[in-house]
Amino acid sequence: MFQDNPLLAQLKQKIQENLPKKEGTIKATEKGFGFLEVDSKTSFFIPPPCMKKCLHGDKVKAIIRTENDRDQAEPEELLEHNLTRFIGRVKMFKGKLNVTPDHPQLKKQALKAKTQKGLNPNDFAEGDWVVAHLIQHPLKGDAGFLVEISKKITDANDKIAPWWVTLAENDLPNSEPAGIDNWELKDDADLERIDMTHIPFVTIDGQSTKDMDDALYAKKNANGDFELTIAIADPTAYITPESDMDKVARERGFTIYLPGRNIPMLPRDLADDLCSLIEGEVRPALCCTVTVDKEGVIGDDIHFFAAHIKSHARLVYEHVSDWLENGESPEWQPNDEIAQIVRDLYEFSLARANWRQTNAVVFPDRPDYRFELSEDNDVVAIHADMRRTANRLVEESMITANICAGKTLRANFDCGVFNTHAGFKPEKIADVVALVNPEGELPFTAESIATLEGFAALRRWLGQQDTSYLDNRIRKAQAYSEMGNQPLPHYAMGLDIYATWTSPIRKYGDMINHRMLKAFVLGKDPVQTADETVGEELALHRKHHNMAERKVGDWLYARTLAEEPSKETKFSAEIFDINRAGMRVRLIENGAAAFIPSSLIMANKERIECNGEQGTISIDKQLEFRLGDVLEVVLTDVNQENRNVVAKPTQVFAELVTDSPETPTEAPAETKAD
């Protein structure tokens, strides 16, 4: 009888208007209730009935009421969706379509669904993976949640689901671009290509590589200096700016590398055939020659030119490494000419590596983890591949080539696509100095480490320390690597300029630099330059590609490690992150990331302190773990649905045994950390 009472409605509205309101983000729990997180220190309880009107991650305005001496939030207005376009799985409820979002906090939230016009609802079955869009929300005045299915990704039990779902989630293509029947060379009429087919270039790649985009030649002179020539595949000979294929390449940005497969930026008939520097085949190339002295210093005689080249030997990393490291390779016996070229390339790489070790920054060796898949897309093995001699040889050649390109583009155009790094964040410099030089005894000051030389010197010093703790701490104070059109330094590499052009088959930014370097060769204005937006554009592509690579990896790790908790397999793991909830570690054997909650280190939360700022974990105020430490762990849970791995240390921390409530005794010695 009070339902339609206008006075009662007015009174209710007036009361609500006078109640305090807060804006925050919804955090859901598995038990049906949730919290409104206003900031890092303030949150309000949301009862289950109110949670039915919102989703985890929604940003809302909520009324704050006091019930039984406890403040609680009642979401009233939606400020920002958590879900818009999302990936989910079909859930049939009484024959009706529902979709459950593929998100750890939303997997139990079945949302009513309909199909987009043109899709048949009968084509969808329980568990199918779909792309959906939220079109109704209770806090926007709608009767309930409603989503619209716009695309079916794959069937419920498809073993390739990790790849297809991850690509769809990041709105990335799942196949290479379509090629054309007849590719034609479209060189500038004035571009003369030098015939260098007689020069014995070699390619060095992985056993299965098809898109071979760099070939090398080196000759050691009598005085110990090296004449290095780098030849790079030239897709811009076939693709003109603003053409349909150029637009496709720019939209993709990079070749997408995922565990077990890749999605090329360019059509395979171009990337794997016409442009690939296949042994014995004549190919158009953009080349650079430069002298590098025996001390590893790059000379001023940098020379770019267009050419026709021919690879005289298709070499493989492992075979070349075996031959250089052991004096022989069972799979490869080079003739005298190729053997001498490889030796000269190797000696060149040692000179350059020594120069960079002394004057720039050399990154520490870490394994590259590689999934080996069966024909049925099951994980057969996970390989930890270390960089070997041949890998370093090619790496030093490419770094040298990219320094030469950076210098040339800067000197002639003051523009290009440059890889840059700004060093430390300005607001973090004082903290870095306080951390590494608290007594003022080292030559690291706020002024020095803000310079390229000082930053590089600090990084070299960090690499010489017995522990990686300081290095891990300091990395959080560093800026991110970027790409842009301004010729700025790359602090993280210790180089004053760096512009990649060595992978135009795989990177659109390298195609831009190719066109600009060709313009330099011709003495003309570039047909394409790097505009102000290209860096952000390419960085966004790279971000999504990295996320996709990581997510597919997480999926495959969860599949592969599913039985390890029951086996109680022990793994060595390195701590790479610490926060107030625990620590994240990487299993050294296979590269999987696992989370160790603080409760599995020490159940008594009063005794354990996880300090993310310091990168340490203490028990009873005694330091037990810190960033960079290696410890032994066992896996306790592998959740394939959420693709999460949880671990615990094999080292046990016992609870305190007390003689009385007021008098704790120390834990037994054997439970303490070494």
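Residue numbers run consecutively from 1 along every chain, following the written order of its sequence. Given that this is a predicted model, residues contribute local features only at a pLDDT of at least 70 and side-chain atom pairs are listed and counted only at 80 or more, while totals for whole chains, interfaces and linings are drawn from all residues. As a convention, hydrogens and water are excluded, and side-chain values are obtained from all of the structure's heavy atoms.

Observations concerning the packing of helix α4 (residues 244–252) against helix α12 (residues 508–522)
Defined as follows: Only C-alpha atoms enter the line fits that serve as axes; for helices the fit covers just the stretch in contact. Angles between N-to-C directions range over 0 to 180 degrees. Only DSSP runs of H or I with at least four residues qualify as helices, and only runs of E with at least two residues qualify as strands; both kinds are numbered from the N terminus onward. The labels follow the angle: roughly parallel below 35 degrees, roughly antiparallel above 145, roughly perpendicular from 65 to 115, and oblique for the rest. Residues count as neighbours in contact if any of their non-hydrogen atoms are within 4.5 Å of one another. The nonpolar class holds Ala, Val, Leu, Ile, Met, Phe, Trp, Tyr, Cys and Pro. Asp, Glu, Lys and Arg form the charged class, and all remaining residues, Gly among them, are polar.
Their axes nearest at 8 Å, the elements α4 and α12 cross at an angle of 130°. Accordingly, the angle class assigned to the pair α4 and α12 is oblique. Residue-level contacts link D246, A249 and R250 of α4 to Y508, M511 and R515 of α12. By residue class, the composition of the contact of α4 with α12 is 3 nonpolar, no polar and 3 charged.

Some points on the sheet that holds strand β7 (residues 96–101)
Test applied: Strands pair, by our definition, only if DSSP identifies at least two bridges between them.
The mixed closed barrel is built from 5 strands, whose spatial order is β6-β7-β8-β10-β9. This sheet shows a mean twist of 55° between the axes of neighbouring strands, independent of strand direction. Relative to strand β10 (residues 146–154), strand β8 (residues 111–115) runs parallel, the two sharing 3 bridges. By the bridge assignment, T115 is partnered in β10 with I149.

Re the UniProt feature "domain: S1 motif" (unreviewed entry) in the protein
Selection rule: UniProt positions are given in the numbering used here, feature names are shortened, and annotations may be inferred rather than shown by experiment.
In the numbering used here, UniProt assigns the feature "domain: S1 motif" (unreviewed entry) to residues 568–650. Structurally, residues 568–650 comprises 0% helix and 60% strand, and the distance from its first C-alpha atom to its last is 10 Å.

Describing the packing of aromatic side chains
Pairs of aromatic rings are described using the distance from one ring centre to the other and the angle between the two planes. The condition is simple: Here a pair means two rings of Phe, Tyr or Trp (six-membered ring of Trp) with centres within 6.5 Å. Their orientation is stacked below 30 degrees between planes, edge-to-face above 60, and tilted elsewhere. Distance and angle both matter: a charge sits over a ring if NZ of Lys or CZ of Arg is within 6 Å of the ring centre and within 35 degrees of the ring normal.
Following the criterion strictly, the structure yields 13 aromatic pairs and no others. Between the aromatic rings of F226 and F348, the centroid separation amounts to 6.4 Å while the plane-to-plane angle is 70°, which identifies the pairing as edge-to-face. Within this pair, whereas F226 is found in strand β13 (residues 226–233), its partner F348 is found in helix α7 (residues 336–359), the two being separated by 122 residues in sequence. By the ring-pair criterion, three or more aromatic residues cluster together here, those being F33, F35 and F45. Between R70 and the ring centre of F45, over which it is positioned, the NZ or CZ distance is 4.1 Å. One Lys or Arg, R643, reaches over the ring of W555 and ends 3.9 Å from the middle of that ring.

Considerations on the domain arrangement of the protein
Inclusion rule: A domain assignment, automatic or from a database, supplies the domain bounds used here. As a working definition, buried area equals the accessible area (1.4 Å probe) given up by two parts on being put together, with both sides summed.
Domains assigned within the protein are domain 1 (6–80), domain 2 (85–158), domain 3 (194–404 + 501–521) and domain 4 (562–649). The C-alpha centroid of domain 4 is placed 39 Å from the C-alpha centroid of domain 3. Between domain 3 and domain 4, the residue contacts involve 4 residues of the former and 6 residues of the latter. Of the roughly 350 Å² buried between domain 3 and domain 4, counting both surfaces, carbon and sulfur atoms make up 47%.

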